[in-house]
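Chain and residue survey
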Amino acid sequence: MHKPYSAACDNNRQPILEIIEVLLAGCKEVLEIGSGTGQHAVYFAERLPHLVWRSSDLQENHAGIKMWLDEAKLANTPPPLLLDVNQAHWPELKVEAVFCANTIHIVDWDSVKAMIAGAGRLLPDKGILALYGPFNYNNAYTSESNARFDIWLRQRDPDSGIRNFEDVDELANSANLYLQQDYAMPANNRLICWRKRCWK
């Protein structure tokens, strides 16, 4: 098996790092949902050595993630966790942040709902949920390229597609998460950060 590779990961990793190195400065552990190839896990863990970067994905992606992790030999990247966001019980973790890149437009809407609800249950007070990828605003595309990408996604899988920010924000609010920051990113993407409400 060849080590999997995503050009998108190489293209977006530095702009994402510039934000999350500040965003996650006070965190000790982060859960990455939908780690895919494992490239982000290695790149971010290497540059954020204070963080334990917990990758996770469906079983079919674990072999590829392990190839990246094993090659990098970093002390802060434990083996990937088996996580289907729709499973009833998520792994018991003490993380202060959940990160997910280029996933919510790939999975179906029920999985998006399950992911955000699960993150809300997992995160402690003031914990961070950070989602990276393309978003629509008020059901409108932010660029022609995103419109073309959305058509391609839906032709490939009618249950996928670029999500509406307002719909995702509503899910986050239902999971006791409030919007902290919405960052504009290259290539018509966003990095959106929510925080877990502290009721004390």
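Our structure's up above, just so we're on the same page.
First, a word on what this report is: a plain description of the structure on this page.

About the cut-offs
Residues numbered from 1 in each chain as written. Predicted model: local features only at pLDDT ≥ 70, side-chain atom pairs only at ≥ 80, totals over all residues. Heavy atoms only, no water. Phe/Tyr/Trp six-rings, centres within 6.5 Å; stacked < 30°, edge-to-face > 60°. Helix = DSSP H or I, 4+ residues; strand = E, 2+ residues; numbered from the N terminus. Buried < 20%, exposed > 50% of the residue type's maximum accessible area, 1.4 Å probe, protein only. Arc of directions from axis to C-beta. Contact = heavy atoms within 4.5 Å. Pairing = 2+ DSSP bridges. Axes fitted to C-alpha atoms, helices over the stretch in contact; angles between N-to-C directions.

Before going further, it helps to examine the packing of aromatic side chains. Applying the stated rule across the entire model yields 6 aromatic pairs. Plain terms: the ring middles of Phe 44 and Phe 99 are 5.8 Å apart, the flat faces sit at 90 degrees to each other, and that makes the pair edge-to-face. Taken together, the positions of Phe 44 in helix H2 (residues 39-47) and Phe 99 in strand E4 (residues 97-101) put the pair 55 residues apart, joining distant regions of the chain. Comparing Phe 44 with Phe 99, the two get one shared label, buried.

Turning next to helix H6 (residues 165-174). Within the sequence span of H6, burial applies to Phe 165, Val 168, Asp 169, Leu 171 and Ala 172. Projection of H6 onto a plane perpendicular to its axis shows the buried side chains occupying an angular sector of 155 degrees, all on one side. Seen from the buried face of H6, the exposed residues on the opposite side, beyond 90 degrees, are Glu 170 and Ser 174. Here the buried face of H6 lies against helix H4 (109-122), strand E5 (128-133), strand E6 (135-136), strand E7 (163-164), strand E8 (177-185) and strand E9 (189-196).

This brings us to the sheet that holds strand E2 (residues 52-57). A sheet is described by the order of its strands in space; here 7 strands give the open sequence E3-E2-E1-E4-E5-E9-E8, paired in mixed fashion. Whereas interior strands pair on both sides, the edge strands pair on one side only; in this sheet they are strand E3 (81-82) and E8. With 4 bridges connecting them, strand E1 (residues 29-33) and E2 associate as parallel partners. The residue bridging Glu 29 from the neighbouring strand is Val 52, located in E2. Where helix H1 (residues 7-23) meets the sheet, its contacts fall on E2, E4, E5, E8 and E9, and the angle it forms with E8 comes to roughly 140 degrees.

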